[in-house]
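For reference, the chains in residue letters:
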Amino acid sequence: MKNIISHKVDNIFKIVVQEAEKKENICLILELLKQDEDYFEISFLNVQSLPKEIVIALDKIKNKLTIFTNETTLKTYLMNLGFELKFINNQNLKLKTLNLEYLAIGGSAGSLKKFIEIVENLPPSQISVFIIMHHKSDKSSSLSSILQTKTPYYKVVEAKSDMRIEPATIYTAPPGKHLIVAGGFIFLTDEEKRNFSKPSISTTFETLSNEYRNNLLAILVCGYGSDGSDSLQLLQQNRTTVIIEDPNECEAKPMLENAIKTGKYDLILSLKKINDYISYFLNSELFDKAELEILLDKIYDKYGYDYRGYNFEHIKRRVKLFYSTLKPKNFLEFQKIILENKNIFKDLFLNISVNVTTFYRNPEVFKILKEEILPKLDSFMDIKIWCAGCSSGEEPYSIAIFLKELGLLDRSLIYATDLNEVILRNAKNALYSKESYKQFLKHYYQAGGSESFSKYFNNYDSFVEVKEEIKERILFFRHNLVEDRKINDFQLIFCRNVIIYFDKDLKDKIFNLFENSLDNYGFLVLGESESLDTHNKFITIDKTNKIYKRKV
């Protein structure tokens, strides 16, 4: 087949794949990977996703395999599953785009004046900032009060457990606690010191990166020891941008030198250039509103994706960041590149789409779901649930597992929809890294899970797979909330952290779609930052957890 070429060179069995979705291509790739060879080298060219069978086969020969790809989306997916890849940069583009919505800064000895200088130079914005400085555990900290005097634009607070993360806010880690982030909330833990430190920069960096991926910028400034260094590989896998301060500016250099030795960073910059870098992403006006509106019209005409009702600042921020990656001469050249190169457009589309999720995200919502809402669906012969904006599948799988535990799964069908076809194919695979699984397990029991969570997964070397009995009750397909019509009548609709990016008119349109798609007294669950308080066709059941019921 011309889409799959194989040959042997110097005891290396080389395979080039340009299409991996058709059944005959999958079968051929699997046969080639079963060959008794000393070493494999496989290149996926213009392939954005892989069927699970191929991923599992690659995992079996992982120790004698090198993978190449020219698609950022595939690179990210496979790296998240524990594979190492080499990127073929045939467009001469920087691999990462930084969607700067969250900033984490860590340091030790000599870092206070660095934090002050960064905070003083932060332009007004909606970013959330996390500052981790090593303290003696038995001492109170005045860091937050000091930093508050240095900025008129941001609220500065010392972090506390169960504190919701807010925009335009700076959080400082308190002494003697590890600061972690999950589901949009801060938690403080009493685990043992890490890298001789509590709070540990590594611990906070890792949880922030797992939560916010390439929406996070992590910066290391002066200090002794090596805290932070052992987190950098995970940050790289999550496509989090990492900047290390130039050690020549610091008397306390070891923390920076140890981080540089890992090779897992993006830039080494002086503090002045760090401030310029942050300001560039928060401040610079590269195009005006009219130009962006014209581009969105043309994207709709050319590709059929409609972003015109999205929150303008959200779109502007993401397009600006992608613009800075391409570095065109002007906005017209940027528009020409986007409209003429489908692969680059796909990268922009995935950059605009927000795909942050996890099993049982916000466990308290799922606890209410299991104990109060799902049991009420027992009266229906056929239970239909819609997960709108399902992303990589963790949410519908979470619901299906609880339906299984309640004895309702066999007569249930979950419609899982998203605009992003690539992320839907990954969701169908139902493959998740062992590292992510640890977090899933914790959330499952916090949400009231009552079985052995591992019984729902097949175990592989680098990842886990949701079992078929769970997968077969979920129907994944593309649906555009903005344009597509009602798809069925449902007793429950989940749409969490999707409409937050839409403007008011579009939100009203989508709420009307949900109202028309729910059975009498059907339930609607929104994300923690979304609200239906002003929409008179729903009754508020739980204001805190954003659970509503359709009026009749």
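Residues numbered from 1 in each chain as written. Predicted model: local features only at pLDDT ≥ 70, side-chain atom pairs only at ≥ 80, totals over all residues. Heavy atoms only, no water.

**Focus on the confidence of the model for the protein chain**
Counted only if it meets this: How sure the predictor is of each residue is captured by pLDDT, a score from 0 to 100. Only runs of H or I of at least four residues qualify as helices and only runs of E of at least two qualify as strands under DSSP, and these elements are numbered from the N terminus. Every residue pair with non-hydrogen atoms within 4.5 Å of one another is taken to be in contact.
On average, residues of the protein chain carry a pLDDT of 89, and 94% of them reach 70 or more. By mean pLDDT, helix α13 (residues 342–352) is the weakest element of the protein chain at 72, and strand β10 (residues 169–172) is the strongest at 98. Across residues 90–95, confidence stays below pLDDT 50; counting only partners more than four residues off in sequence or on other chains, it has 13 contacts.

**A short note on the pattern of salt bridges**
The condition is simple: Criterion for a salt bridge: a side-chain nitrogen of Lys or Arg within 4 Å of a carboxyl oxygen of Asp or Glu. A 1.4 Å probe rolled over the protein chains alone gives each residue an accessible area, and that area as a share of the maximum for its type sets the label: buried under 20%, exposed over 50%, partly exposed in between.
Tallied over the full model, the rule gives 25 salt bridges. Of the charged contacts, one joins D378 and R411 as a salt bridge, the two residues approaching to 2.1 Å between their closest N and O atoms. One end of the pair, D378, is in the loop between α14 (363–373) and β16 (383–388); the other, R411, is in the loop between α15 (394–405) and β17 (412–418), with 33 residues separating them in the sequence. Note that K471 is salt-bridged to E465, the shortest N-O span being 2.9 Å. Residues K471 and E465 agree in their burial class; the two are buried. Because the salt bridges share partners, they merge into one network encompassing K52, E465, E468 and K471.

**Some thoughts on the packing of α14 against α15**
Rules: Lines fitted to the C-alpha atoms define the axes, with helices restricted to the stretch that makes contact. Angles between their N-to-C directions range from 0 to 180 degrees. What makes a crossing left-handed is the near helix being turned counterclockwise from the far one by less than a right angle; a clockwise turn instead makes it right-handed. Side-chain classes are defined by residue name, with Ala, Val, Leu, Ile, Met, Phe, Trp, Tyr, Cys and Pro counting as nonpolar, Asp, Glu, Lys and Arg as charged, and the others, Gly among them, as polar.
Following both chains from N to C, one finds α14 and α15 inclined at 35°, their axes separated by 10 Å at the closest point. Between α14 and α15 the crossing geometry is right-handed. Across the interface between the two elements, F366, L369 and K370 from α14 touch E395, S398, I399, F402 and E405 from α15. For the contact of α14 with α15, the residue count by class is four nonpolar, one polar and three charged.

**Some remarks on helix α3 (residues 72–80)**
Judged by how many residues are buried, α3 sits mostly within the fold: eight of nine residues are covered. Note on α3: the residue one or two positions beyond its end, G82, has a positive phi of about 100°.

**Quick word on unusual backbone geometry**
Here the residue pair K198 and P199 is connected by a cis peptide bond, since its omega of 15° sits within 30 degrees of zero. Here P199 shows up in the loop between β12 (185–189) and α6 (201–212). You will see that D10, though not glycine, has its phi angle at about 50°, which is positive. You can see D10 is positioned in the loop between β1 (4–9) and β2 (12–17).

**A look at the state of the cysteines**
Formally: Pairs of cysteine sulfur atoms within 2.5 Å are identified as disulfides in what follows.
Here the structure, examined in full by the defined rule, presents one disulfide. Two residues, C222 and C250, share a disulfide whose sulfurs are 1.8 Å apart. Taking the sign of the S-S torsion, about -70° here, the bridge from C222 to C250 comes out left-handed. Of this pair, C222 sits in the loop between β13 (216–220) and α7 (232–237) while C250 sits in the loop between β14 (241–245) and α8 (254–262), placing them 28 residues apart in sequence. As far as the burial class goes, C222 and C250 line up, both buried. With no disulfide partner, C390 has as its closest neighbouring cysteine sulfur the one in C387, 7.1 Å distant.

**Some thoughts on the side chain of K370**
For K370, the location among the structural elements is in helix α14. Ignoring sequence-local partners within four residues, the contact set of K370 consists of P375, F402, E405, L406, G448, G449 and S450.

**Overview of the sheet that holds β16**
Here is the rule we go by: Note on pairing: DSSP must find at least two bridges between two strands before they are called paired.
The seven strands lie next to each other as β21-β17-β16-β22-β23-β25-β24, forming an open sheet whose pairing is mixed. Every interior strand has two partners, whereas the edge strands, β21 (474–478) and β24 (538–542), have only one. Averaged over all adjacent pairs, the angle separating strand axes in this sheet is 20°, with direction ignored. Of the pairings in the sheet, the one linking β16 to strand β22 (residues 490–495) comprises three bridges and is parallel in character. Paired with W386 across the bridge in β22 is I493. Sheet strands touched by helix α16 (residues 421–429): β17 and β21. Its angle to β21, the strand with the most contacts, is close to 165°. Helix α19 (residues 504–517) contacts β16, β22, β23 (518–526), β24 and β25 (547–550) of the sheet and is inclined by roughly 135° relative to β23.

**Some details on the sheet that holds β12**
Taken in spatial order, the three strands line up as β9-β12-β11 in an open sheet, and their pairing is antiparallel. The two strands at the open ends of the sheet, each matched to only one other strand, are β9 (163–164) and β11 (178–182). The sheet contact formed by β9 and β12 spans two bridges and is antiparallel. Across the sheet, residue R164 finds its bridge partner in β12, namely F185.

**Things to note about the pairing of strand β3 (residues 40–44)**
Spelled out, the test is: We call a crossover right-handed when, viewed with both strands directed away from the observer, the connection leading from the first strand over the helix to the second proceeds clockwise.
Of all five residues making up β3, five are buried, and the element is well covered by its neighbours. Of the two faces of β3, the one lined by F40, I42 and F44 and the one lined by E41 and S43 are each fully buried. In this sheet, β3 lies alongside β2 in parallel orientation, the contact comprising five bridges. Of the residues in β3, the one forming a bridge with I15 is I42. For the crossover that starts at β3, traverses helix α2 (residues 52–60) and ends in the parallel strand β4 (residues 65–69), the hand is right-handed.

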